[in-house]
Structure formats: C-alpha cells, structure tokens
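# A look at the structure
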Amino acid sequence: MHLGIDLGTSGVKAVLIDDAQAIVGQATAPLEVHRPHSLWSEQDPEDWWTATNRAVLDLRKAHPQAMAAVRAIGLSGQMHGATLLDRGDRVLRPAILWNDGRSGAECAELERRVPDLRSITGNRAMPGFTAPKLLWVAAHEPEVFANTAKVLLPKDYLRLRMTGNHASDLSDSAGTLWLDVGARAWSPAMLEATDLTESHMPRLFEGSQPTGTLRAEVAADWGVPAGTIVAAGAGDNAAGAVGVGVVAPGTAFLSLGTSGVLFVSGDRFAPNPERGVHAFCHALPGRWHQMSVVLSAASCLGFAARLTGCADEAMLLKEAEEHAADIGPLVFLPYLSGERTPHNDPQAKGVVFGLTHDTTRGALARAVLEGVAFAFADGMAALEEAGAEASRLLVIGGGARSALWGRIIASVLNRPLDYPAGAEVGPAFGAARLARLAETGEDPEAVCRPLPVRQSIEPDPALADRMAGRHLLFRRLYGDLKDAFRESEHA
C-alpha cells in the first residue's frame, strides 16, 4: 500500500492505492483562503496540518487494515507558497500563496538585481513565485524577515511535521525563483539577491527519492507502520502529470482546476520566459517540463454562479448547454486573480464585455467557458513559441466533468482532448506513485503508465469558426484595457 497526500488550495486530499495501483480509498478535508487586502492571498499552515490529519484519519477509520500496510507516503501540493519559520521551526506569519499578487514591484527589483535571472531560472519574475514574496516581507515586515531561518513550500511544511526534516523536491523548488533549473540546484546568485543563503533552503531531492521516515507519534496516530518512508513528491502539476502518465517527452495534459494549466513533458530545459511560460524540473530525474498557467479557470464558473444568483455551477452549466453557440459580441476576460501566461500581469481584472438588455444567464455562462478556453489558447501559443509539441491533451481537474467545456476547448485549441479514467484523484495519485518509486526503486516508466482513456473529444471546425471572432476580440480587449487595469489600482 502507498499513500498520496495532496495539499491543494481549497482542501487536502489523501489517496490510498494498492500494489496494482487500484484506489483503495480516498478522503478530503476543506481549506479556506484569506484575503485581508486587495491582491493578498494567505493561509495558516496550522490549518494545512489540521486538514491533513482529518483526511488521513478518515482513511484510517474507513480502511484500518490497508493503512496498517502502508510502506511509503508521497506529497504533492500547491506551488510557490512562502512558509516562513524561525530557528525553532515556528511559523512566523500566514503563508503567502501562489495566487497572491502583492509583490509586483519586488519582481521588477529582483530582475534589476539579477540581470540574467531568466536564463538561470527559466522564468520571468512573477508575483506568484516565492522569491519576490521574501523581498516584500523584507521591505514591509522586516522583523519577520530578520527572524526567518527557513523558507518552506506548503507541502514541505507538512513533511516537516511528518518527519522533522527540511526537504523539498526539484519540481516544486523550480517554482521559487531560487533554483538554477537547468542545473537542478539552488542558485547562489538568486539567493543572494534576496539576502538569503542556502542555509535558509531545504535539502533538494528528486521526486522519487526518500526524504526521511514518518515520526513515531505521527505513524501511531495515522495507523501506519513505524519507519514509513516519506518520498520527496512534487508540486501539484508535476504530481498530476505523474498520476496520468505524462512523463515521456511530448506528452501533455490540460488541468481545469481552480487555475488552468497546460503542461508539456520534455527531456531538456527549454524556457520561454518572455511570454510567461514556466520551464520547471519534472518530478523524475532527467526530465523537465514547460507549462502555461491561467490563474482563474474553473473558479470562474463559481464566480459566475455567485454573481448571477444561480443555485450552483451544475445548473449554470446546464443553462450554458441550452443556449445557442452564437452569443454575439459577449466576451469574458477570466483575469479574476490577475494573469500569468502570457501576460504576467497581476493587475489584470475580470471583464464581461458586450452586455445588452437581451443578455441571458446562459449566454453569460457560455462566455465564461469560452473566455477560459481563449486564455488556454493564448497559453498554448506561448508554449509553441518555446518549441513545445503536443498533438493531444489529457484533461484533468474538476472542470473536466463538463462535456460542453471540452468541446469548446478542443475547438479553440484545435486538438483532441482525452479524458483518462480515474484522473479525478489528481495529484494525490501521482504522489502515491512517487511514494512507490521511493520505496521500490522501480523504473519510473513502468510505474507511471498512462491511465486508460474513457472518452475523447475531437475539435469541431464549425464551432471554432463561430468563436473565432470573439477570440480576436478577447485578445484585443486585454491590450486595450491593460493600462486601465493598472490605473484602477489607484482609483
């Protein structure tokens, strides 16, 4: 038995798999995001630990014998979050999350301090990354910065509580801006630029390597054997890729979660930072990946449901299905949390353009689905500029349940979408696979097999033609409003 734990933004998921990689059980526990100021996004690390225990104890209650047979645990989690600890490993302030946009000025300063930042890290400095957050803390909370002895990513804080060790994997650490991504090692220049040293960082491991064993008291509480191995694991997207078998070069997935991700696996470091493409280490040795990120994807549907007073997202999707494909000039910009690829613009805002007296809720819902698809298309264009090639896309995430959304995305991207069976367990399943590799040392290709495809959606040229004009308008609107977004921060 192997256990995978995924620390997401909205909750913690724990998945238990057997030696045939069949899911024995799964459990979740919710989390809340706190937004005390504009652009801020934070969580209390203690809430992560509480939710993790709740999910794992639910598994123990439902499957006590299986839990007693667990041999290794893997971790995945939301990337980029800054968890600041003092010398006694006490949390100094709430963790600053991946979708926090407060450090825009610090990004510019970091690029000024390290002119070759993009060649080292493979990425532009963006507010979502970890390093700019530390510059912000140094400027605005100097006492906290002075007392910071260790900076951990969210899932690695769970590891600390589980094992007592400061450790991280390369895929997650590649999203900090402190890693030399090509060399797969901490960058002295990037650390120095934020007045930190390697002593502030955790030890680095490949995702399939063990990082320690579970503390005796935690093992006893969870009902797993003493000495259970804890694998390095991965950032959520790399773990999701391992889970669905996107490990061979040229394989790719599209994630429709809170955020939206296009992920292409490769065997070399191939950045395109000018267009907001992320070039990160993969969770397996000798592998890298390219990624475009839409900060608000499936979360846009929840936003639209709340805005229009719809009972839930399922009803909103039903109304979108019932509406004709032609919604006129109605266009939605999905930049509710700013945007990463290709704009790198934390000030970008959500926009509904083209409202009239005749606009219905179903039309608005359809515009939301199209707007997210258009954002994915802009991200795919940036990936292609970096040399990424992906002829088909596996689809994962909660938004994958909508067939209409799949038809829209396939048509806008002009690529078939494959829906794998069992993909709903997401990164937690990939974390469990990495746990197995850490325990057995097997060939990763043999363990990280692609999941069987249960459904495929082909592009619809007629639908693509009907949306083509709105896609052009979508792109123009961002360019026309870019300066207004920035000015609105001071309105």
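These numbers were taken from a predicted model, which means no experiment stands behind them. (Residues numbered from 1 in each chain as written. Predicted model: local features only at pLDDT ≥ 70, side-chain atom pairs only at ≥ 80, totals over all residues. Heavy atoms only, no water.)

### What about the overall build of the protein chain?
- Scanning the protein chain from N- to C-terminus turns up 18 helices and 24 strands.
- By the compact-globule yardstick of 23 Å for 491 residues, the protein chain fits well, its C-alpha radius of gyration being 22 Å.
- Dimensions of the protein chain along its principal axes, counting C-alpha atoms only, are 65 × 50 × 40 Å.
- The buried share of the protein chain, reckoned over its 491 residues, is 61%.
- The contacts in the protein chain between residues at least 6 apart in sequence include a share of 73% that link residues at least 24 apart.
- Working note: accessible area of the protein chain is about 18000 Å², and carbon and sulfur atoms make up 51% of it.
- Averaged over its 45 positive side-chain charges, the protein chain has a centre that lies 2 Å from the centre of its 58 negative ones. (Helix = DSSP H or I, 4+ residues; strand = E, 2+ residues; numbered from the N terminus. Rg over C-alpha atoms; globule rule 2.2 N^0.38 Å. Buried < 20%, exposed > 50% of the residue type's maximum accessible area, 1.4 Å probe, protein only. Contact = heavy atoms within 4.5 Å. Areas by Shrake-Rupley, 256 points an atom, 1.4 Å probe, with all protein chains shown as cover. Lys, Arg positive; Asp, Glu negative; His and termini not counted. Charge placed at Lys NZ, Arg CZ, Asp CG, Glu CD.)

### Observations regarding the pattern of salt bridges
- In the structure shown here, the tally under the stated rule is 32 salt bridges.
- Notably, a salt bridge pairs arginine 287 with glutamate 445, separated by 2.8 Å at the nearest N-O pair. Taken together, the residues arginine 287 in the loop between strand S18 (278–281) and strand S19 (288–294) and glutamate 445 in helix H17 (residues 444–447) connect sequence positions 158 residues apart.
- Classification of glutamate 445 as partly exposed rests on a relative accessible area of 36%.
- Of the charged contacts in the structure, one is a salt bridge between arginine 415 and glutamate 384, with a shortest N-O distance of 2.5 Å. Of this pair, arginine 415 sits in the loop between helix H15 (403–413) and strand S23 (417–420) while glutamate 384 sits in helix H14 (residues 361–385), and the two are 31 residues apart along the sequence. (Salt bridge = Lys/Arg side-chain N within 4 Å of Asp/Glu carboxyl O.)

### Examining the nonpolar core
- Among the nonpolar cores identified, the biggest contains 102 residues, and Leu3, Ile5, Met162, Trp178, Leu214, Trp222 and Phe253 are the most heavily contacted of them.
- With 6 residues, helix H1 (residues 45–62) is the largest single contributor of residues to this core.
- If we skip the residues at most four places from it in the chain, tryptophan 222 touches Ile5, Trp49, Thr52, Asn53, Val56, Leu57, Arg60, Met67, Ile73, Met162 and Leu214.
- In terms of nonpolar packing, the next biggest core, distinct from the first, is built from 60 residues, Leu256, Leu393, Ile408 and Ile409 among them. (Core = buried A, V, L, I, M, F, W, Y, C linked by side-chain atoms within 4.5 Å.)

### Side note on empty space enclosed by the protein
- Summed over the entire model, instances satisfying the criterion amount to 3 cavities of 30 Å³ or more.
- Empty space within the largest cavity amounts to approximately 90 Å³.
- What lines the largest cavity is a set of 14 residues, and nearest its centre among them are Asp100, Pro127, Gly128, Leu295 and Pro346.
- For the lining of the largest cavity, the class distribution of residues is 5 nonpolar, 5 polar and 4 charged. (1 Å grid on protein atoms, 1.4 Å probe; cavity = no way out; pocket = protein on both sides within 12 Å on 5 of 7 lines; lining within 4 Å. Points joined across faces, edges and corners; volume = space filled by probe spheres on them. Nonpolar A, V, L, I, M, F, W, Y, C, P; charged D, E, K, R; others polar.)

### Details of the side chain of arginine 436
- The topology assignment puts arginine 436 in helix H16 (residues 427–440).
- Engagement of the side chain of arginine 436 in a polar contact is seen with the side chain of glutamate 442, the distance being 2.7 Å.
- The residues touching arginine 436, leaving out its near neighbours within four places in the chain, are His2, Asp19, Gln21, Gly441, Glu442 and Val447. (Polar contact = N/O pair within 3.5 Å; in protein donor to acceptor, adjacent residues only side chain to side chain.)

### Regarding the packing of aromatic side chains
- Under the criterion given, the structure shown has 9 aromatic pairs.
- Ring plane angle 10° and centroid distance 4.8 Å describe the contact between phenylalanine 253 and phenylalanine 263, whose orientation is recorded as stacked. In this pair, phenylalanine 253 sits in strand S16 (residues 252–256) while phenylalanine 263 sits in strand S17 (residues 260–266), placing the two residues 10 residues apart along the sequence.
- By relative accessible area, phenylalanine 253 is classed as buried at 0%.
- On the basis of relative accessibility, which here comes to 0%, the residue phenylalanine 263 falls in the buried class.
- When the ring of tyrosine 335 is compared with that of tyrosine 478, the centres are 5.8 Å apart and the planes differ by 85°; the resulting orientation is edge-to-face. Pair noted here: tyrosine 335 is in the loop between strand S20 (331–334) and strand S21 (350–353) and tyrosine 478 is in helix H18 (residues 461–488), with a separation of 143 residues, a long-range link. (Phe/Tyr/Trp six-rings, centres within 6.5 Å; stacked < 30°, edge-to-face > 60°.)

### Considering the pairing of strand S3 (residues 23–30)
- Of the strand pairs in this sheet, strand S2 (residues 11–17) and S3 are connected by 7 bridges, and their pairing is antiparallel. Each residue of the ladder has a partner; that of glycine 11, found in S3, is proline 30.
- Adjacent in sequence and paired antiparallel, S2 and S3 are bridged by 5 residues, among which glutamine 21 carries a positive phi angle near 65°. (Pairing = 2+ DSSP bridges.)

### Things to note about the sheet that holds S19
- Pairing is mixed across the open sheet formed by 7 strands, whose spatial order is S18-S19-S17-S16-S22-S23-S24. Across the chains shown, the open sheet's two edge strands, defined by having one partner strand only, are S18 and strand S24 (453–457). Sheet twist, expressed as the mean angle between neighbouring strand axes with direction ignored, is 30°.
- Sheet topology note: the S16/S17 ladder contains 5 bridges and is antiparallel. (Axes fitted to C-alpha atoms, helices over the stretch in contact; angles between N-to-C directions.)

### Some words on the packing of H14 against H15
- At a closest axis distance of 9 Å, the pairing of H14 and H15 adopts a crossing angle of 35°. Crossing hand, H14 versus H15: right-handed. Taken together, the residues of H15 that come into contact with H14 (itself represented by Arg366, Leu369, Glu370, Val372, Ala373, Phe374, Phe376, Ala377 and Met380) are Leu404, Trp405, Ile408, Ile409, Val412 and Leu413.
- Of the residues assigned to the contact of H14 with H15, the class counts are 13 nonpolar, no polar and 2 charged. (Left-handed = near helix turned anticlockwise from the far one by under 90°.)

### With respect to the layout of surface pockets
- Reported here for the second largest pocket is a volume of approximately 240 Å³.
- Lining the second largest pocket are 18 residues, with Gly245, Val246, Thr251, Ala252 and Leu394 positioned closest to its centre.
- The class makeup of the residues in the lining of the second largest pocket is 11 nonpolar, 4 polar and 3 charged.

### Let's talk about the packing of helix H13 (residues 313–322) against H14
- One can describe the packing of H13 onto H14 by two numbers: an axis separation of 7 Å at closest approach and a directional angle of 95°. Here H13 is positioned roughly perpendicular relative to H14, judged by the angle of their axes. Together, Met315, Leu316, Leu317, Glu319 and Ala320 of H13 and Arg361, Gly362, Ala365, Arg366 and Leu369 of H14 make up the contact between the two elements. (Parallel < 35°, antiparallel > 145°, perpendicular 65-115°, else oblique.)

### Notes on the environment of glycine 128
- One can find glycine 128 in the loop between helix H4 (117–121) and helix H5 (130–140).
- Separated by 83 residues in the primary sequence, glycine 128 and proline 45 have C-alpha atoms spaced 18 Å apart.
- If sequence neighbours within four positions are ignored, glycine 128 has contacts with His80, Leu97, Trp98, Asp100, Lys133 and Arg340.

### Observations regarding H1
- Helix length check: H1 (18 residues) gives 26 Å between terminal C-alpha atoms against 26 Å at 1.5 Å per residue, within 8%.
- Where H1 begins, the side chain of aspartate 44 points an oxygen toward the backbone nitrogen of glutamate 46, at a separation of 2.9 Å. (Expected span 1.5 Å × (residues − 1).)

### Some details on the pairing of S2
- Counting buried positions along S2 yields 7 of 7 residues, so the element is predominantly enclosed.
- Here S2 shows two buried faces, one formed by Gly11, Lys13, Val15 and Ile17 and the other by Val12, Ala14 and Leu16.
- Two strands pair when backbone bridges link them, and strand S1 (residues 2–7) and S2 are joined in this way by 6 bridges, in the antiparallel orientation. Paired with aspartate 6 across the bridge in S2 is lysine 13.

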